[in-house]
Amino acid sequence: MERRRFLRNSVVVSGGLILSPNLLSQSWGKRDPKNKLTILHTNDTHSNIDPFPENHSKYPGKGGVARRYEMIQKIRSEEENVLLLDAGDIFQGTPYFNKFGGVLEMKLMSKLGYDVATMGNHDFDGGMDGFVKAKQYANFPFVCSNYDFKNTPIDGHTEEVKIIKKGNVKIGIFGVGVELKGLVPDTKFGETVYLDPIEIANERAEKLKKKGCDLIICLSHLGYEYDSEKVSDRVLAQKTSNIHLIIGGHTHTFLEKPTEEVNANGETVLINQVGWAGIQLGRIDFEFDTRLFSKKDVLVVQ
Amino acid sequence: MIKHIILIAVGAGLLACSSVDKIILNSSSSANVDVVNHDGEANTIDSIVAPYKEELNAEMNAVIAYAERPFERGRPGGSLNNWAADALLSSQIGKAKLSGPVFSLLNVGGLRNSINEGDVTLGDMFKLMPFDNEVVWVEMPVESLEDIAAYLTASGGEPISGAELKNGKLMVDGVNEDTKTVWILTSNYLMNGGDNMNFFQQKMSVTHTDELLRDAFVRVAKEQKLLLWSDEIRIHI
């Protein structure tokens, strides 16, 4: 209630000079569901298709793709605009991967309706040919912006950025991955060239903003934070501009809810990560306040 | 009259320009939620998984050993660290040509799942060691022990067997002042610099076993029947 009053006042102040009440009504009436977006996300699911067993020492009975599917379906029935994302390390962790090479993971993610994913270091574990082979069964794109795959079998199988329209909102998504050297055997990433994630993130985010994206999301497999100087999502958030949300992975960090950082421009950036193994599903609800004239895209936490 | 038309045109133009000014996070509904097994009705996902699961289960549900208590990984040490490093060492000891001081070294990050109390299945071993890494013997100059000690101190501890880190020094069973080389049993992944174990660049020779680390674990688990549990601290930092 309080917020509605605030919105009404601010609309009058910023746009009330020349406009008739007719034109304004869209801003202060009941909020248009087309201006709402629900982002659901996972990371580091690591081939965990079945729930953990009931005798598991840490996560008894948790996770499982079938339950995740039910949760997502329920949210889809309640919300008009849902975006489903994954931040990498889809492969490796259960015999499903050893035996079937990631095919089942891709089939299931397609059925769940994933919109976009990025690659984690373990998504190279089947080799690059193995990734391409499994990816045939995916009906969603992978965005990888800081791996240069030219001269590798993956070339042409990933995208630099992806723009998706949901309701009234234009969403720009790109992906950054972790340095593979030392994490992945050399033979498995071959001639993949690693590009500086901060530099690339700044470039891609600016490009997406210029293309008119209202919301800019970075799918990251860099890791949430480190004691060392290593680039993490927190560092990425602080040293870049134009990114609104970082969906992270790699460090298997369980966050209760999205955390906030201040970017190079003094604006708020959100970071979220949901541990690993599909134990949790992340949810972020945005409402988009539209205005005539100004396009600030400023993120506000309420 | 003309003025009026211009105003309408401007108004229509502005409407088209309506764009996002604020992105408001709804903090009350934005939360990370547990995916819980409700034991609900089978759904379409279950039916996609079923044929794959059937094929796997036939293979993976075979019980190979028993655990009287859970094995957990940890730093500086843990019961799982000890079991894995001991299993690696005992899987190779007694093999011809492996002479002189020898110890095993793995990485905490590579032990991908705990071993739960109860029956231990082949599938549990796959979860513990999903990677298809090979067991290798790496012959190292005795001087490299200093670098390994520094690595273990910096990382906070990794699974070792046949050695102990004390006062910043790595004490390997059987090493004396005449010792020139030491054998390390590890995986090809770590030998090739995985987890930044760059000290392996000093290696003098490598013997490939053509046995997967997971297969070595399975072999030892079957021999032990009751998995040997120990929380002995081997890394003192």
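Scroll up a little and you will see the structure.
Just so it is clear, the model here is predicted, and its values are computed rather than measured.

Undergrad: What exactly am I supposed to notice about the overall build of chain A here?
TA: Of regular secondary structure, chain A possesses nine helices and 13 strands. Here chain A holds 302 residues, and the buried ones make up 58% of them. Long-range pairs, those at least 24 residues apart, make up 76% of the contacts in chain A with a sequence separation of at least 6. Counting only carbon and sulfur atoms, one obtains 49% of the accessible surface of chain A, whose full area is about 12,300 Å².

Undergrad: In this structure, what is going on with unusual backbone geometry? I would like to understand it.
TA: Keep in mind that most residues, glycine aside, have a negative phi and that most peptide bonds are trans. With an omega of 5 degrees, the peptide bond running from Arg-75 of chain B to Pro-76 of chain B counts as cis. Mapped onto the elements of the fold, Pro-76 of chain B is located in the loop between strand 3 (63-67) and helix 3 (79-92). Positive phi, close to 60 degrees, is recorded for Asp-89 of chain A, a residue that is not glycine. For Asp-89 of chain A, the location among the structural elements is in the loop between strand 2 (82-86) and helix 4 (95-100). Relative accessible area serves as the criterion here: at 1%, Asp-89 of chain A is assigned to the buried category. One non-glycine residue, Gln-92 of chain A, lies in positive phi territory at about 80 degrees. Looking at the element boundaries, Gln-92 of chain A is found in the loop between strand 2 and helix 4.

Undergrad: Just checking my understanding: could you explain the interface of chain B and chain A for this structure?
TA: Interfaces are often sized by the accessible area lost when the parts come together. Each side of the interface is counted separately: chain B has 56 residues, and chain A has 85 residues. Taken together, both faces of the contact between chain B and chain A bury some 6,000 Å²; the carbon and sulfur share is 56%. For the interface between chain B and chain A, the tally reads four salt bridges. With a shortest N-O distance of 2.7 Å, Lys-62 of chain A and Asp-34 of chain B are connected by a salt bridge. Inspection of the region where chain B meets chain A yields 31 residue pairs in polar contact (both at pLDDT 80 or more). If you list the elements that add at least two residues to the side of chain B that touches chain A, you get helix 1 (2-17), strand 1 (19-25), strand 2 (33-34), helix 2 (44-60) and helix 4 (122-128) of chain B. The leading source of residues in the side of chain B that touches chain A is helix 2 of chain B, at eleven residues. Within the side of chain B that touches chain A, the residues separate by chemical class into 21 nonpolar, 19 polar and 16 charged.

Undergrad: Would you take a moment to explain the sheet that holds strand 10 (residues 181-187) of chain B for this structure?
TA: As a general point, the strands of a sheet are linked pairwise by backbone hydrogen bonds and lie either parallel or antiparallel. Residue and element names in this part refer to chain B. Ordered by their spatial adjacency, five strands build an open sheet running 7-4-10-6-11, and the pairing between neighbours is mixed. Taken across any chain shown, the strands that pair with only one partner, and hence form the sheet edges, are strand 7 (160-161) and strand 11 (205-212). With two bridges joining them, strand 4 (residues 102-105) and strand 7 adopt antiparallel strand pairing. Along strand 7, the bridge assignment pairs Ser-104 with Ser-161.

Undergrad: Teacher, can you tell me more about the packing of helix 3 (residues 65-78) of chain A against helix 5 (residues 103-112) of chain A here?
TA: Axes are the key here: two packed helices are described by the angle between their axes and the distance separating the axes. Residue and element names in this part refer to chain A. It is the contact of helix 3 with helix 5, at a shortest axis distance of 10 Å, that shows an interaxial angle of 20 degrees. Between helix 3 and helix 5, the angle is such that the two are roughly parallel. Classified by chirality, the crossing of helix 5 by helix 3 is right-handed. Here Val-65, Arg-68, Tyr-69, Ile-72 and Arg-76 of helix 3 come into contact with helix 5, specifically with Leu-108, Lys-111 and Leu-112. Class assignment of the residues belonging to the contact of helix 3 with helix 5 gives a composition of five nonpolar, no polar and three charged.

Undergrad: It is not clear to me how the pattern of salt bridges should be interpreted in this structure. Could you clarify?
TA: When the charged atoms of two side chains lie near each other, side chains of opposite charge can form a pair. If you walk through the whole model with that rule in mind, you get 23 salt bridges over all chains. Measuring nitrogen to oxygen at the nearest pair gives 2.6 Å for the salt bridge that ties Arg-214 of chain B to Asp-132 of chain B. Residue Arg-214 of chain B is located in helix 7 (residues 213-224), and its partner Asp-132 of chain B is located in the loop between helix 4 and strand 6 (134-141); the two are separated by 82 residues in the primary sequence. Each of the salt bridges in this network shares a partner with another, and the network as a whole consists of Lys-36, Glu-79, Arg-283 and Asp-285 of chain A.

Undergrad: Would you explain the sheet that holds strand 9 (residues 245-247) of chain A in this entry?
TA: Residues and elements named next belong to chain A. In spatial order, the strands read 5-6-8-9-11-10; together these six strands make up an open sheet with mixed pairing. Single-partner strands in this sheet number two, and they are strand 5 (161-166) and strand 10 (259-262). Between one strand axis and the next, the sheet turns by 25 degrees as a mean value, whatever way the strands run. By the bridge criterion, six bridges tie strand 6 (residues 169-176) to strand 8 (residues 215-220) in an arrangement that is parallel. Looking across to strand 8, one finds that Phe-174 is bridged to Cys-218.

Undergrad: What is the right way to read the nonpolar core from this model?
TA: The tendency in soluble globular proteins is for nonpolar side chains to be buried side by side. Within the largest apolar cluster, 79 residues are counted, with the highest numbers of intra-cluster contacts made by Phe-124 of chain A together with Trp-83, Ile-115, Met-125, Leu-128 and Phe-217 of chain B. If you count residues domain by domain, this core takes at least three from each of domain 1 (2-60) and domain 2 (64-224) of chain B. Apart from residues no more than four positions distant in its own chain, Met-125 of chain B is found in contact with Ile-64, Trp-83, Ile-115, Val-120, Arg-214, Phe-217, Val-218 and Ala-221 of chain B. Core analysis: the next-biggest nonpolar cluster, separate from the first, contains 25 residues, Val-142, Tyr-151, Met-191 and Ile-235 of chain B among them.

Undergrad: It is not clear to me how the environment of Ile-163 of chain A should be interpreted in this structure. Could you clarify?
TA: All names here are of chain A. When you line up the elements, Ile-163 lands in strand 5. The exposure class of Ile-163 is partly exposed, given its relative accessible area of 31%. Residues Ile-163 and Met-106, 57 residues apart in the sequence, show an inter-C-alpha distance of 21 Å.

Undergrad: Would you mind showing me how to read the environment of Gly-64 of chain A here?
TA: Tracing the chain through its elements places Gly-64 of chain A in the loop between strand 1 (36-42) and helix 3. Overall, the relative accessible area of 3% leaves Gly-64 of chain A in the buried class. Taking the C-alpha atoms as reference, Gly-64 of chain A lies 8.3 Å from Ala-277 of chain A; in sequence the two are 213 residues apart. If we skip the residues at most four places from it in the chain, Gly-64 of chain A touches Ile-49, Asp-50, Pro-51 and Gly-278 of chain A together with Val-35 of chain B.

What counts, and where the lines are drawn
- Positions within a chain are numbered from 1, following the residues in the order the chain's sequence is written.
- The order in which chains are written sets their letters, starting at A; the order in which ligands are written sets their numbers, starting at 1.
- Owing to the predicted nature of the model, reporting of local features is limited to residues with pLDDT of at least 70; listing and counting of side-chain atom pairs is limited to 80 or more, with chain, interface and lining totals taken over all residues.
- Side-chain measures here rest on the full set of heavy atoms in the structure, leaving out hydrogens and waters.
- We count a stretch as a helix when DSSP gives it H or I for four or more residues in a row; a strand needs E for two or more, and each element gets its number in order from the N terminus.
- Only protein chains enter the calculation, and the probe is 1.4 Å; a residue is then buried if its accessible area is under 20% of its type maximum, exposed if over 50%, and partly exposed in between.
- Pairs of residues are marked as contacts when any of their non-hydrogen atoms sit within 4.5 Å.
- Here the accessible surface of atoms and residues is derived via Shrake-Rupley with a 1.4 Å probe, and residues count as covered only by protein chains that are part of the display.
- Two parts placed together each lose some accessible area; with a 1.4 Å probe, that loss summed over both constitutes the buried area.
- Whenever a carboxyl oxygen of Asp or Glu lies within 4 Å of a side-chain nitrogen of Lys or Arg, that contact is scored as a salt bridge.
- In the analysis that follows, any N or O atom pair within 3.5 Å is treated as a polar contact, provided that within protein one partner can donate a hydrogen and the other can accept it, and provided that, for residues neighboring in sequence, both atoms belong to side chains.
- Side-chain classes follow a simple rule in which Ala, Val, Leu, Ile, Met, Phe, Trp, Tyr, Cys and Pro form the nonpolar group, Asp, Glu, Lys and Arg form the charged group, and the remainder, Gly included, forms the polar group.
- A pair of strands is treated as paired once DSSP finds two or more bridges between them.
- The axes are straight lines fitted to the C-alpha atoms, using for helices just the contacting stretch, and the angles between their N-to-C directions are given from 0 to 180°.
- For classification, angles of less than 35 degrees are called roughly parallel, those exceeding 145 degrees roughly antiparallel, those between 65 and 115 degrees roughly perpendicular, and all remaining angles oblique.
- When the near helix sits turned anticlockwise from the far one by under a right angle, the crossing is termed left-handed; a clockwise turn instead gives a right-handed crossing.
- Only buried residues count toward a nonpolar core, which is a set of Ala, Val, Leu, Ile, Met, Phe, Trp, Tyr and Cys residues joined through side-chain atoms within 4.5 Å.
- For the purposes of this description, domain bounds are those given by an automatic or database domain assignment.

Note that all results are geometric; they support no functional claim without further evidence.
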